Amino acid sequence: KEDKKMYLSNEQEKAHLYAMIDLADNAILQGDKKQALTSLYFIKTGLENILKDKYSSVLSQPYVYEILPKGNNKGTGLKKLAKKLGIKQEEIMAIGDGNNDIEMFEYANYSVAMENGTELAKKAAKYQTDSNENDGVAKAIRKYALNNSN
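Now for a look at the structure at hand. Model, not experiment: these values are computed from the prediction. (Residues numbered from 1 in each chain as written. Predicted model: local features only at pLDDT ≥ 70, side-chain atom pairs only at ≥ 80, totals over all residues. Heavy atoms only, no water.)

## Focus on the pattern of salt bridges
Phase 1: Within the structure shown, the criterion is met by three salt bridges.
Phase 2: Of the charged contacts in the structure, one is a salt bridge between Lys-74 and Asp-101, with a shortest N-O distance of 2.7 Å. With Lys-74 in helix α3 (residues 74-85) and Asp-101 in the loop between β3 (93-96) and α4 (102-107), this residue pair connects regions lying 27 residues apart in the sequence.
Phase 3: Taking the relative accessible area as the measure of exposure, Lys-74 reaches 37% and is therefore partly exposed.
Phase 4: Assessed through its relative accessible area of 2%, Asp-101 is described here as buried.
Phase 5: Here Asp-130 ties to Lys-139 by a salt bridge, and the two come within 2.6 Å at their closest N and O atoms. (Salt bridge = Lys/Arg side-chain N within 4 Å of Asp/Glu carboxyl O. Helix = DSSP H or I, 4+ residues; strand = E, 2+ residues; numbered from the N terminus. Buried < 20%, exposed > 50% of the residue type's maximum accessible area, 1.4 Å probe, protein only.)

## A look at a nonpolar patch on the surface
Phase 1: Taken together, Leu-81, Leu-85 and Ile-87 make up a surface patch of nonpolar side chains, about 270 Å² in accessible area.
Phase 2: Relative accessible area serves as the criterion here: at 46%, Leu-81 is assigned to the partly exposed category. (Patch = residues over 30% accessible without salt bridge, like charges linked within 9 Å, V, L, I, M, F, W, Y side chains within 5 Å. Areas by Shrake-Rupley, 256 points an atom, 1.4 Å probe, with all protein chains shown as cover.)

## What about the sheet that holds β3?
Phase 1: Here three strands make up an open sheet; going across it, the order is β3-β4-β5 and the pairing parallel. If you trace the sheet from one side to the other, it starts and ends with β3 and β5 (127-129), each paired once. Ignoring strand direction, the axes of neighbouring strands in this sheet form an average angle of 25°.
Phase 2: The pairing of strand β4 (residues 110-114) with β5 spans three bridges and is classified as parallel. Looking at β5, one finds that Met-114 is bridged to Thr-129.
Phase 3: Running at roughly 160° to β3, helix α6 (residues 136-145) makes contact with β3, β4 and β5 of the sheet. (Pairing = 2+ DSSP bridges. Axes fitted to C-alpha atoms, helices over the stretch in contact; angles between N-to-C directions. Contact = heavy atoms within 4.5 Å.)

## Concerning α3
Phase 1: Along its twelve residues, α3 runs 16 Å from first to last C-alpha, staying within 8% of the 16 Å computed at 1.5 Å per residue.
Phase 2: Here α3 has its buried residues at Gly-75, Leu-78 and Ala-82. Projected down its long axis, α3 shows its buried positions confined to an angular sector of 65°, all on one face. Looking at α3, the residues exposed on the side facing more than 90 degrees away from the buried face are Lys-80, Lys-83 and Lys-84.
Phase 3: Those residues of α3 hidden inside the fold are in contact with β3 and α4.
Phase 4: Between a side-chain oxygen at the N-terminus of α3 and the backbone nitrogen of Gly-75 the separation is 2.7 Å; the capping residue is Asn-73.
Phase 5: Count one or two residues on from α3 and you reach Gly-86, which has phi positive near 70°. (Expected span 1.5 Å × (residues − 1). Arc of directions from axis to C-beta. Polar contact = N/O pair within 3.5 Å; in protein donor to acceptor, adjacent residues only side chain to side chain.)

## Notes on the environment of Ser-39
Phase 1: Among the structural elements, Ser-39 can be located in helix α2 (residues 33-51).
Phase 2: A relative accessible area of 0% means that Ser-39 is categorised as buried.
Phase 3: Not counting the four nearest positions on each side in its chain, Ser-39 is found in contact with Met-20, Leu-23 and Ala-24.

Have a look at this one:
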């Protein structure tokens, strides 16, 4: 009986999720940004409830929702790559603009958020650079990797 309750609950969650996807789709087509973002938030919450045992998720931008195998993120990927390439943690610089960059910022010695990044990304980074439209990545590389402020 307990398994049946879980199955019904899961099916109800899926039905609600599909309804929210339709609502978000219609809101996007009609240009209703507020309704679209509200719907996306409910979709995110529903997916997290359904997938939480096997997957991790992050709302990297207000309109981008990422689902990853549990325990994987940009930080764990950067750590594995650095180990494989023999790069010391203190030699690593990470540049990003989204909530999905936070774990990467926590691992890197030099963490740089783009001016146009999310507030959470900017708070997590040690440094901030110009926007991507104003050559922020190049400026950060010159300043922190090449030690040249020009």
